[in-house]
Structures are given as structure tokens and as C-alpha cells.
Amino acid sequence: MGAPSPTIQIPRWIQLVGLPVLLVLGFLLAGTLGHVLFLFLTASVIAFTLNPLVRDLTRLKVPRAPSVFIVYTIFAAVVIALLIAIGVVAFDQARHAAERIDVYVTEESDSGLTAAEVDLDRVQAWLDDHGLEGIRVRAQINEWLDSLSAGDISGYAQEAISFAQGAAFSFVLLMFSLILIVVISIYMLLDMQRLERSIDARFPPHGGAPLTHRIEGALWGYLKGQAILSTVIGTSAGVGMWILGETGLVKGAAEYALLFGLWTAFIEVIPYIGPWLSAVPPVIYALFVDPIGVLWVAALFLFIYQVEGHIVVPNVMASALRLHPLLVIFGLLAGGDLYGIAGVLVALPTMAGLRAIWGFFRPRVALEPWGEGTPDVPVEVELQPPEVEPPRAASGRR
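Keep in mind the model is a prediction, meaning the values are calculated, not measured.

**Q** Residue-level account of the nonpolar core, with values.
**A** Ranked by internal contacts, the top residues of the largest apolar core, which has 36 residues, are Leu50, Leu189, Ile215, Leu321, Leu332 and Leu348. Listing elements by their share of this core, those giving two or more residues are α2 (34-59), α3 (64-106), α7 (168-190), α8 (192-202), α9 (211-246) and α15 (325-361). Among the elements that take part in this core, α15 stands out by supplying ten residues, more than any other. Ignoring anything within four residues of it in the chain, the contact list for Leu50 reads Val71, Tyr72, Phe75 and Leu189. Grouped together as the second largest cluster of nonpolar side chains are 22 residues, Ala253, Ala279, Ile304 and Tyr305 included.

**Q** Account for α2, with residues named and values stated.
**A** Over its 26 residues, α2 runs 37 Å from end to end, which matches the ideal 38 Å to within 8%, given 1.5 Å per residue. Approximately 35° is the largest bend angle found in α2, and it occurs at Asn51, with the proline Pro52 only one to four residues beyond.

**Q** Quick one: what's the story with the confidence of the model for the chain, residue by residue and with numbers?
**A** Per-residue pLDDT for the chain has a mean of 77; in total, 75% of the residues score no lower than 70. Within the chain, the element-level pLDDT minimum falls on helix α6 (residues 150-166), averaging 58, and the maximum on α2, averaging 90.

**Q** Pulling in residues and values, what's your account of the side chain of Ser185?
**A** Along the polypeptide, Ser185 turns up in helix α7. Note on Ser185: relative accessible area 0%, which makes it buried. At a separation of 2.9 Å, a polar atom in the side chain of Ser185 contacts the main-chain carbonyl oxygen of Val182. Ser185 has contacts with Ala43, Ile46, Ala47 and Tyr72, leaving out every residue within four places of it along the chain.

**Q** Pulling in residues and values, what's your account of the packing of α9 against α15?
**A** Orientation of α9 relative to α15, taken along the N-to-C sense of each, is 145°, at an axis distance of 8 Å. The two elements α9 and α15 cross, and the hand of that crossing is right-handed. Across the interface between the two elements, Leu211, Arg214, Ile215, Ala218, Leu219 and Tyr222 from α9 touch Leu348, Pro349, Ala352, Gly353, Arg355, Ala356, Ile357, Gly359, Phe360 and Phe361 from α15. Residues of the contact of α9 with α15, tallied by class, amount to twelve nonpolar, two polar and two charged.

Conventions used here
- Residues numbered from 1 in each chain as written.
- Predicted model: local features only at pLDDT ≥ 70, side-chain atom pairs only at ≥ 80, totals over all residues.
- Heavy atoms only, no water.
- Core = buried A, V, L, I, M, F, W, Y, C linked by side-chain atoms within 4.5 Å.
- Buried < 20%, exposed > 50% of the residue type's maximum accessible area, 1.4 Å probe, protein only.
- Helix = DSSP H or I, 4+ residues; strand = E, 2+ residues; numbered from the N terminus.
- Contact = heavy atoms within 4.5 Å.
- Expected span 1.5 Å × (residues − 1).
- Bend = angle between axes of the 7 residues up to and from the residue.
- pLDDT = per-residue confidence, 0-100.
- Polar contact = N/O pair within 3.5 Å; in protein donor to acceptor, adjacent residues only side chain to side chain.
- Axes fitted to C-alpha atoms, helices over the stretch in contact; angles between N-to-C directions.
- Left-handed = near helix turned anticlockwise from the far one by under 90°.
- Nonpolar A, V, L, I, M, F, W, Y, C, P; charged D, E, K, R; others polar.

Here is the structure:
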């Protein structure tokens, strides 16, 4: 064990003036230079996440620059392969689902009714049989279904194509931002050793883990916990939808169980909000193919939420973040307000890294205490000797 870490005491005037001014400047910078800060923040998260792998390669006598190139190439290949695999599966099953929904709402049977109208008649009959004649959903929904003709759907497709063409400029900006993130993170990885030496020289670990190692451990802990959580919840959703499809409770759900599972695993990255968003596509699908099946889908995801909230999250994510739920919600809202969906995705790893930084500097920084009243100041006081009464004359009496 080395010597205790030196303590940096922050004077009271800095606490009173400097810290509030620093917070205001940080808020103004986040608003004016938000995009730049987001690029560097994202690049920092990637650099600190990949640095342990680069360090392991350098221990095998591989120079720093080739180690960065090898690790980053593997990282990029894995990310691209996952995106391609998920995109192919999602596109294929989404196309089949769209065709199925199109047939469901537009193709008429021998009776002159579509499958959607037949199911709607069944729902209306069930409502009438149970004394709910006042709920007249049949006419309104039939009118809406009649508007969904093949021509209207084609019109919607044309509008989607026009929107995609208008979003081409945004896509170009996105690719430019991704390239900048890659370049910045590579430079950070190349200079990480210099950064570690400068931090260790100013703030020695003294027997504990260095600051950079703590940040890396916090990020890897979050990534491992999130991977386990997404895998468990996504698999549960996919298997559950497959069972509903095989048992006939939700027609055709087994064909798209993989798509629903992938969506649930992906959206689970967003805490608190993600679990609710994960149920939206299965509910919409069940609403089209079998309205009664919506109840089974809702029951399935309600069960998954209970398992997630009471078993998976407390045992997996509690040790990964170790943050109060209010701080997590604040970080998510702040990230979403500043940077949108990308900010929400980066918020939690950033907070995990900030927690590691706080844990490192907390014993090294102290605030000058605010005592009650004014501090003790020595005051010179002149003391006068006490007056001595003169002795009385002795009387003759005894």
C-alpha cells in the first residue's frame, strides 16, 4: 500500500461562485457545441471500451499502432456483420408481414368480405352478446378498412419513397459523423498511453486501479450487463411469440417470432422506455391478423416485464450501473433532449464512465467546510488590573 492520495481542497469562494458558473458554461457549451461534444463523447466511449483489447495486444509485443488497427478492424467487422444480418432478417420478415397485412385488409373471400371484416364482425358479435351494444366499432373500423385499398397502400408507399429521398442529405451527414467518430476514437486510442501516464503522474493510484482502468471496467460492466439483458428479454419475446403462433392464439406469429425477438433485444438498450416500445410491433401485428390475440400478446409482454423488473435487472444491471433510478432517468431525458435517439443510447455508458470518475476523485477532492458563523479571528483585548481597596484603619474596639 502506498501513501494516501493527496487531497485537493476546494475553497468556499469557488464553491459559491466557480461551480455554478462552471455548470452554466457547461450547459451553454452543450447547447452551442452540442454536435461536436456528442462526437467526442461517442468517440471517447468507443476508445475506452476498445483500449483493454489494444493493451492486451501490446503485451504480446505487438506495437501500439498495429494493435489499434487490428482491434478496430475486428470491431468494425463485427458491427457491420451484425447490422447486415439483422437488416436482412428484419427486411425479409417485414416484407412478408406487410404482404400478409395487405392481403388481410384488402383481399375479399367468396363471401365478399375481407378477413379483417370477418374478424371485426366476430368482435362486434362478441360485444353484442355481452351487453355492449353501445360500443359500435364495426361501422367506423369498416369505413377505415375500406379506405385501405390497394391504391391507397401504394400511395403510402410512394410517400415513403419521397420521404426517403428527402432524407438523403441527413444520411450523408450521418455517414460524415460516423467517419469523424471513427477518426477521433482512433487518435484517442493511439494517444491513450500518454493520457494514462499524465493522469497517473498527477493523481497516482496508490495501490488502487488507475482512472482509465476504472472507466474501462465501468464501460465493460455496462456492456456485459446490457448484452445479457437484451439476450434474455429478446429470446423470451421471440420464444413467447413463437408459442402463441404454434398454439393458434395469434395466427402466423411463429413466422415472425425471430423478427419480434430481434426488435425486443435491440430496443431493450433503452431502459424504462424500451420494454414498452418492444411490445408495439407485436400488438399491431396481432391487431391486424387477430384482434383477440392482442390480449395474449399483452399478457406475454406483461409477464416478460415482470421477469425483467424483478429478476433480470436487479441481478444483472444493478452491479453494472450502481446509479439511482432518478439519475438514470435524468440522464436519458437529457441525452434525448440534446442529441435525440443517439443521445439516449450514449447516455448510460457515459453515466457509467462518470460514476467511475466520481469514485476515483471522491477521496481526492474535499470541499472547504462552511462553519457556523464567522471564523475565529484573534482579537487583542487590553486587560486592566483590578482596583485594590486601601486598607481600613484599625479601630480601638475589641
